[in-house]
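Report on the structure
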Amino acid sequence: MAKEEFPGWHGTTIIGVRKGGQVVIAGDGQVSLGQTVIKGTARKVRRLSPGGQDVICGFAGSTADAFTLLERLEKKLEATPGQLARASVELAKDWRTDKYLQKLEAMLIVSDGSELFVITGAGDVLEPEHDIAAIGSGGNYALAAGRALMTTDLNAEEIARQAMAIAADICVYTNGNLTVETIKRA
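For the structure given in this document, a descriptive report is provided here. (Residues numbered from 1 in each chain as written. Predicted model: local features only at pLDDT ≥ 70, side-chain atom pairs only at ≥ 80, totals over all residues. Heavy atoms only, no water.)

Some remarks on the overall build of the protein
Check the secondary structure of the protein and you find four helices and 12 strands. Scaling as 2.2 N^0.38, a compact globule of 186 residues should have a C-alpha radius of gyration of about 16 Å, and the protein matches this with 16 Å. Expressed as lengths along the three principal axes of its C-alpha atoms, the size of the protein is roughly 45 × 45 × 25 Å. In the protein, which comprises 186 residues, the proportion classed as buried is 46%. Here the contacts in the protein between residues at least 6 apart in sequence split such that 62% fall between residues at least 24 apart. Accessible surface for the protein amounts to roughly 9200 Å². Of this, 49% is attributable to carbon and sulfur atoms. Separation between the mean location of the 20 positive side-chain charges and that of the 23 negative ones in the protein comes to 3 Å. (Helix = DSSP H or I, 4+ residues; strand = E, 2+ residues; numbered from the N terminus. Rg over C-alpha atoms; globule rule 2.2 N^0.38 Å. Buried < 20%, exposed > 50% of the residue type's maximum accessible area, 1.4 Å probe, protein only. Contact = heavy atoms within 4.5 Å. Areas by Shrake-Rupley, 256 points an atom, 1.4 Å probe, with all protein chains shown as cover. Lys, Arg positive; Asp, Glu negative; His and termini not counted. Charge placed at Lys NZ, Arg CZ, Asp CG, Glu CD.)

Rendered as structure tokens:
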């Protein structure tokens, strides 16, 4: 099948919410190929513990590419224990300049409980405004819903779950089968 005929993989919504001394990263489980749901139970949120320091990560994009990036992030964190910002910048720098890594198609949301970052292949390490970040097919829907819910009495996990439910109702590439990881402020 020619590359231009390939319908493309879709199907990730990841949200990160920081509120009340905790950070939650939640992701749906849908993977679609064109108009077909290939899998509904994918796990796109992970907990890493390099050097005993917990970090939670969510990824959107190609799974193989994301795992490559998660392995690289873990190595960066082992080299700079407890320094998520530095490890994230080093990963983004490598991702932007390494010819092999430049071809990777994924985005990450990462947190150590204090810091929350979106890392992109364009070399960006972004700390989101309003303590909320979202990526993937339904990311903008989840972000809008999450921002609206931040003013309520809901905690970070409740906001993430409700925002993801709203995104799943709107985005055909997002389902309600969630993986949720929580980490308290370091």
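Observations regarding the nonpolar core
In terms of nonpolar packing, the biggest core is built from 21 residues, with C57, L69, L73, L108, V110 and I119 touching the most fellow members. Elements with a contribution of two residues or more to this core: β7 (55-61), α1 (63-79), α2 (84-97), β8 (106-111) and β9 (116-119). Residue contacts for I119: discarding those within four places in its chain leaves S88, L91, A92, W95, M107, L108, V110 and D124. Counting residues in hydrophobic clusters, the runner-up holds 17 residues, among them V24, M150, A163 and A167. (Core = buried A, V, L, I, M, F, W, Y, C linked by side-chain atoms within 4.5 Å.)

Focus: the pattern of salt bridges
Enumeration according to the criterion identifies nine salt bridges in this entry. D54 serves as the salt-bridge partner of R47, at 3.3 Å between the closest nitrogen and oxygen. According to the relative accessible area criterion, R47 is partly exposed, its value standing at 32%. When salt bridges with common partners are traced through the structure, they connect R43, R47, D54 and E181 into a single cluster. (Salt bridge = Lys/Arg side-chain N within 4 Å of Asp/Glu carboxyl O.)

As for the pairing of β9
Burial of the side chains of β9 extends over both faces: L116 and V118 are buried on one face and F117 and I119 on the other. Where β8 lies against β9, four bridges are found, and the strand directions are antiparallel. Bridge pairing in β9 links L108 to I119. Counting the residues between successive antiparallel strands, the hairpin from β8 to β9 contains four residues, one of them, G113, with a positive phi of roughly 100°. The loop that links β9 with its antiparallel partner strand β10 (residues 125-126) comprises five residues; one of these, G123, has a positive phi angle of about 95°. (Pairing = 2+ DSSP bridges.)

Some details on a nonpolar patch on the surface
A grouping of Y141, I166 and I170 is seen on the molecular surface, where their side chains present a nonpolar patch of about 260 Å² in accessible area. Turning to its location among the elements, I170 is positioned in helix α4 (residues 156-170). Residue class for I170 comes out partly exposed when judged on its relative accessible area of 46%. (Patch = residues over 30% accessible without salt bridge, like charges linked within 9 Å, V, L, I, M, F, W, Y side chains within 5 Å.)

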